[in-house]
Amino acid sequence: MAKRYYDFNTYLRSIYGERVQKITIDAGLTCPNRDGVLSTKGCIYCNKKGSGTGLWLEGLSVREQILRAQHSIQKRYKAQKFLAYFQSFTNTYAPLKTLQKLYEEALSVEGVVGLCIGTRPDCIYPEVLDLLENYAQNYLIWLEYGLQSFHENSLQRINRGHGIKEFLQAIELTRLRKKINICTHIILGLPGEKKSDMIATAIELSKLETQGIKLHLLYVIKGTVLAEMYTRGEYRCLNREEYIDIVCEFLQYLPSTMVIQRLISDPHPEELIAPSWILEKTKNRQEIEKALEEKNIKQGQKIDNFISFQSTSPFFLSL
Ligand code: SF4
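An account of the accompanying structure is given in this report. (Residues numbered from 1 in each chain as written. Predicted model: local features only at pLDDT ≥ 70, side-chain atom pairs only at ≥ 80, totals over all residues. Heavy atoms only, no water.)

### A short note on the packing of helix H9 (residues 240-252) against helix H10 (residues 281-294)
With their axes 10 Å apart at the nearest point, H9 and H10 run at an angle of 55° to one another. The orientation of H9 relative to H10 falls into the category oblique. The handedness of the crossing between H9 and H10 comes out as right-handed. In this structure, H9 uses Arg-240, Tyr-243, Ile-244, Val-247, Cys-248 and Leu-251 to contact H10, whose residues at the interface are Lys-283, Asn-284, Glu-287, Ile-288, Ala-291 and Leu-292. (Axes fitted to C-alpha atoms, helices over the stretch in contact; angles between N-to-C directions. Helix = DSSP H or I, 4+ residues; strand = E, 2+ residues; numbered from the N terminus. Parallel < 35°, antiparallel > 145°, perpendicular 65-115°, else oblique. Left-handed = near helix turned anticlockwise from the far one by under 90°. Contact = heavy atoms within 4.5 Å.)

This is the structure we're talking about:
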């Protein structure tokens, strides 16, 4: 059965003709929303580990982290090619020389065919984009921007420390480097957002001609402001049915060429407070795919015609 959305594995196979596996890296960096430059509290859903594995603090270098993961992935998935995913904290928030050393350490490991770099839109500068564009001549490069929502009041509510303007500026700067792929992270179920607000985010994103997206469910982990809100009864997590319903609608507004790198988040079980259903990874993916099938929904079906009209119409070209 053909997939009703453009998933990351299909995309990678279309390039390499084989399975390519991401390896998560903790490069020991920090974030301006944690180190005091913007705030010390961080986003309300983030804890002190900054979505990281903590392996850097355990003393493992970038190279050692990749080699350790390769060993188990090769056994489990028989993959021979890998993408080094700089995930923890903000992976462009350091002097250029430091970043270059970290990125090149990853690229020097046998089997690594590219980089995925998670960052904030207010932490990007031309020199780092030039560096990545240079790598992109020989490697696959994805830059992953955390946006989370296209609503200014939501960004304030979750203490992101940046607005939509910074995101749009980052996209504009990045798009000048044609070989860098852009992935946007969006969280569904933010406090105060209705389904219609989340769909409005999808519609705004669809206008930007970026290459990928990661969808996350807002979940509650220990040591966060959100955990305190949850304990006080000020926040309720989406249930599985609500999440699937929103994802099915959301996908219809994303261009069918946009790669869906993730359909739902994948928290560390030992940190999770709620909702428990998020840990059923396979079931969640299967249930989303089943709902898409039953409702006869395909990614892009509410937007593709409009986008092709927009790109060929003399009226829109002249705007
Ligand atoms: S930007 Fe990322 S690392 Fe920084 S506080 Fe927010 S979630 Fe945590």
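### Here's the deal with the state of the cysteines
In total, this model carries 0 disulfides according to the counting rule given. Free cysteine: Cys-183, not disulfide-bonded; nearest cysteine sulfur from Cys-116 at 8.2 Å. Judged by its relative accessible area of 0%, Cys-183 is buried. (Disulfide = S-S within 2.5 Å. Buried < 20%, exposed > 50% of the residue type's maximum accessible area, 1.4 Å probe, protein only.)

### Comments concerning the packing of aromatic side chains
By the definition in use, this model includes 9 aromatic pairs. Arranged with centres 5.7 Å apart and planes meeting at 10°, the rings of Phe-8 and Tyr-11 form a pair that is stacked. On the criterion of helical spacing, the pair formed by Phe-8 and Tyr-11 is a turn pair, its members being 3 residues apart in helix H1 (residues 8-16). By relative accessible area, which is 9% here, Phe-8 ends up buried. Centroid distance Tyr-145 to Phe-167: 6.5 Å. Interplanar angle 90°. Geometry classified as edge-to-face. (Phe/Tyr/Trp six-rings, centres within 6.5 Å; stacked < 30°, edge-to-face > 60°.)

### Remarks on the site of the ligand
Every residue lining the ligand is accounted for by Cys-31, Asn-33, Arg-34, Gly-42, Cys-43, Tyr-45, Cys-46, Phe-89, Arg-120 and Arg-160. When its residues are assigned to classes, the shell around the ligand shows 5 nonpolar, 2 polar and 3 charged. (Near = heavy atom within 4 Å. Nonpolar A, V, L, I, M, F, W, Y, C, P; charged D, E, K, R; others polar.)

### As for helix H6 (residues 164-175)
End to end, H6 covers 16 Å across 12 residues, agreeing with the expected 16 Å (1.5 Å per residue, within 8%). Restricting attention to buried positions, one finds in H6 the residues Ile-164, Phe-167, Ala-170, Ile-171 and Thr-174. Mapping the buried residues of H6 onto a view down its axis gives an arc of 125°, with all of them on the same face. Seen from the buried face of H6, the exposed residues on the opposite side, beyond 90 degrees, are Lys-165 and Glu-172. In this structure, the buried side of H6 is in contact with helix H4 (126-135), strand S4 (140-148), helix H5 (152-157), strand S5 (181-188) and helix H7 (195-206). (Expected span 1.5 Å × (residues − 1). Arc of directions from axis to C-beta.)

### As for the sheet that holds strand S8 (residues 259-262)
With respect to topology, 7 strands assemble into an open sheet ordered S1-S2-S3-S4-S5-S6-S8, the strand pairing being parallel. Of all strands in the sheet, those with a lone pairing partner are strand S1 (20-25) and S8, marking the two edges. Averaged over neighbouring strand pairs, the angle between their axes works out to 25° when direction is ignored. Strand direction decides the pairing type here: S5 and strand S6 (residues 212-217), joined by 6 bridges, are parallel. Across the sheet, residue Ile-186 finds its bridge partner in S6, namely Leu-215. Seen against the sheet, H6 touches S4 and S5 and runs at an angle of roughly 165° to S4. (Pairing = 2+ DSSP bridges.)

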